[in-house]
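# Architecture and fold: a report
What follows is the residue order along each chain.
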Amino acid sequence: MGSGQLVAVFGAYGHTGRFVVAELAARGFVPVPSGRNARALGELADEHGLEARVASIEDPASLERALTGTAAVINCAGPFASTTGPVIEAALRAGIPYLDVAAELEANLDTFAHYRERARDAGAVIVPAMAFFGGLGDLLATAAMDDWTEADEAHIAYALSSWHPTAGTRLSGAVSRERRGAGRLRYSGGQWELRTDDAPTLEWSFPDPVGSRPVIGEFTMADVVTVPQHLSIPDVTAYMTAEAVRDVAAPRTPAPTAADESGRSDQTFVVDVVVRSGGAERRATAGGQDIYAVTAPLVSEALERVLTGRTNAIGVASAGEIFDALDFLHALAPHIALELHPQKQMTA
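Residues numbered from 1 in each chain as written. Predicted model: local features only at pLDDT ≥ 70, side-chain atom pairs only at ≥ 80, totals over all residues. Heavy atoms only, no water.

### Describing the overall build of the chain
- Helix and strand counts for the chain come out as 12 helices and 16 strands.
- Here the chain has a C-alpha radius of gyration of 19 Å; the compact-globule value for 348 residues is 20 Å, and the two agree.
- Each of the three principal axes of the chain carries a C-alpha extent, and together these read 60 × 45 × 40 Å.
- Within the chain, contacts between residues at least 6 apart in sequence are counted, and of these 70% link residues at least 24 apart.
- Summing over all exposed atoms, the chain offers an accessible surface of approximately 14400 Å²; the carbon and sulfur share of this is 50%. (Helix = DSSP H or I, 4+ residues; strand = E, 2+ residues; numbered from the N terminus. Rg over C-alpha atoms; globule rule 2.2 N^0.38 Å. Contact = heavy atoms within 4.5 Å. Areas by Shrake-Rupley, 256 points an atom, 1.4 Å probe, with all protein chains shown as cover.)

Dropping the structure here:
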């Protein structure tokens, strides 16, 4: 466990950041809340008996002060297109690991493109998208691959009972749309494509009790970025249940509300991952409650493993590349229900 190590949490007062602070404290770490909003930081720090450190991405010296004496930093502050660069730079100067919960495709792509060589040469650890979108799908795809060294395609399907977006989700989505314009991104044939046509509506057969549901195909999420960074799979596609897409797209859908004492909403989720090679198919599935809340044990478990040396890579690394995917998923047992399906041959 954390043994009292200080961990900076940038954007600690946001919806997901609050879950991360609570999870770190439960694991024996001492969170150091950081961000630009002094009032929100102060309220959060008083609530948990912590030391708040005001910092801004426009002021590198303030970021350095925020990271002083910490063992690592977790970036929970969107839009990540703005925050990842400055916080990663501060972490590299401080010589500490950096993890984030970014679900913005462009920010994830930028992190791999801009920092892969620098981080590797410095022996630094940078783990982007260590969250529900990104980390979980990546771990499931890696576990499903098992001993395969390559596959033809990977499919990551999300079934959300609802999707009440946070203010941060809406802001990050707006930033991504501004960067890519009217198009959408798809990863096919080992390359990124910017498409301007409508995403297809399909049916996906989730395991029971969810069953067959209409989904929006090519609903590209962070794991479509992370998976091909370390797995030899030329076609990676994500899908989202149509109801959830309507929820998150509607401007009047309210933010999530707490349904239990931990602050989790009553939203439930299933992530169903299928990898295919030749005529064979392998599958891994995880289910749980509240996509924002489950991000906290995901990134906190990752942090513990980084700080205790239970890693397989340095530099910028995806979850399934740097960690033992199956062992990691089993460690999340209190938070997710995991199912690994035996390999089967596909019918013609």
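We are not done yet, so read on.
### Details of the pairing of strand E9 (residues 191–195)
- Direction of pairing for strand E8 (residues 184–188) relative to E9: antiparallel, over a ladder of five bridges. Across the sheet, residue Arg-184 finds its bridge partner in E9, namely Arg-195.
- Taking the residues between adjacent antiparallel strands as the criterion, E8 and E9 are bridged by two residues, where Gly-189 takes a positive phi near 65°. (Pairing = 2+ DSSP bridges.)

### Section: the side chain of Asp-223
- Turning to its location among the elements, Asp-223 is positioned in helix H8 (residues 222–230).
- Among buried charged residues, Asp-223 stands out as having no salt bridge; its nearest opposite-charge side chain is Arg-180, 12 Å away.
- Dropping the residues within four chain positions of it, Asp-223 is found in contact with Gly-134, Gly-137, Asp-138, Ile-156, Tyr-158 and Pro-228. (Buried < 20%, exposed > 50% of the residue type's maximum accessible area, 1.4 Å probe, protein only. Lys, Arg positive; Asp, Glu negative; His and termini not counted. Salt bridge = Lys/Arg side-chain N within 4 Å of Asp/Glu carboxyl O.)

### Some remarks on H8
- Considered for burial, the residues of H8 that qualify are Ala-222, Asp-223, Val-224, Val-225, Thr-226 and Val-227.
- For H8, the elements touching its buried residues are helix H5 (105–122), helix H6 (132–145), strand E7 (153–160), E8, E9 and strand E12 (235–241).

### Let's talk about helix H7 (residues 167–180)
- Taking 1.5 Å of rise per residue, the 14 residues of H7 would be expected to cover 20 Å, and the 20 Å separating its terminal C-alpha atoms lies within 8% of that figure.
- Contacts made by the buried residues of H7 are with helix H4 (80–94) and H5. (Expected span 1.5 Å × (residues − 1).)

### Quick word on the environment of Thr-83
- Within the element layout of this structure, Thr-83 appears in helix H4.
- A relative accessible area of 5% places Thr-83 in the buried class.
- Excluding residues within four positions of it along the chain, Thr-83 makes contact with Phe-10, Ile-57, Asn-75 and Ala-77.

### As for the sheet that holds strand E1 (residues 6–10)
- With respect to topology, seven strands assemble into an open sheet ordered E3-E2-E1-E4-E5-E6-E15, the strand pairing being parallel. Strands with a single pairing partner mark the edges of an open sheet, and in this sheet they are strand E3 (53–54) and strand E15 (315–316).
- Bridge count for strand E2 (residues 30–35) against E3 is two bridges, and the pairing is parallel. Looking at the pairing, Ser-34 lines up with Arg-53 of E3.

### Regarding the layout of surface pockets
- By volume, the second largest pocket is sized at about 400 Å³.
- Of all the elements in the fold, those that place two or more residues in the lining of the second largest pocket are helix H1 (15–26), helix H2 (38–48) and helix H10 (295–307).
- Counting residues per element, the lining of the second largest pocket draws most heavily on H1, which supplies six residues.
- Classifying every residue of the lining of the second largest pocket by side-chain character gives eight nonpolar, six polar and four charged. (1 Å grid on protein atoms, 1.4 Å probe; cavity = no way out; pocket = protein on both sides within 12 Å on 5 of 7 lines; lining within 4 Å. Points joined across faces, edges and corners; volume = space filled by probe spheres on them. Nonpolar A, V, L, I, M, F, W, Y, C, P; charged D, E, K, R; others polar.)

### Topic: the packing of H5 against H8
- Interhelical geometry of H5 versus H8 gives an angle of 30° and a closest axis separation of 8 Å. Relative to H8, the element H5 lies roughly parallel. Both H5 and H8 take part in a crossing whose hand is right-handed. Facing Leu-105, Asn-108, Leu-109, Phe-112 and Arg-116 of H5, the residues of H8 in contact are Ala-222, Val-225, Thr-226 and Gln-229.
- Grouping the constituent residues of the contact of H5 with H8 by class yields five nonpolar, three polar and one charged. (Axes fitted to C-alpha atoms, helices over the stretch in contact; angles between N-to-C directions. Parallel < 35°, antiparallel > 145°, perpendicular 65-115°, else oblique. Left-handed = near helix turned anticlockwise from the far one by under 90°.)

### Focus: the side chain of Glu-304
- Structurally, Glu-304 is set in helix H10.
- On the basis of relative accessible area, Glu-304 is assigned to the buried category, the value being 9%.
- A distance of 3.3 Å separates polar atoms of two side chains, one belonging to Glu-304 and the other to Arg-27. (Polar contact = N/O pair within 3.5 Å; in protein donor to acceptor, adjacent residues only side chain to side chain.)

### Observations concerning the nonpolar core
- One finds Met-130, Phe-132, Leu-136 and Trp-163 to be the most contacted residues of the largest nonpolar core, which totals 81 residues.
- Sequence-distant contacts of Trp-163, that is, excluding residues within four places in its chain, are made with Phe-133, Thr-169, Phe-219, Met-221, Met-240, Ala-244, Asp-247, Val-248, Thr-253, Gln-267, Ile-291 and Tyr-292.
- Counting residues in hydrophobic clusters, the runner-up holds 23 residues, among them Ala-66, Val-73, Ala-91 and Tyr-115. (Core = buried A, V, L, I, M, F, W, Y, C linked by side-chain atoms within 4.5 Å.)

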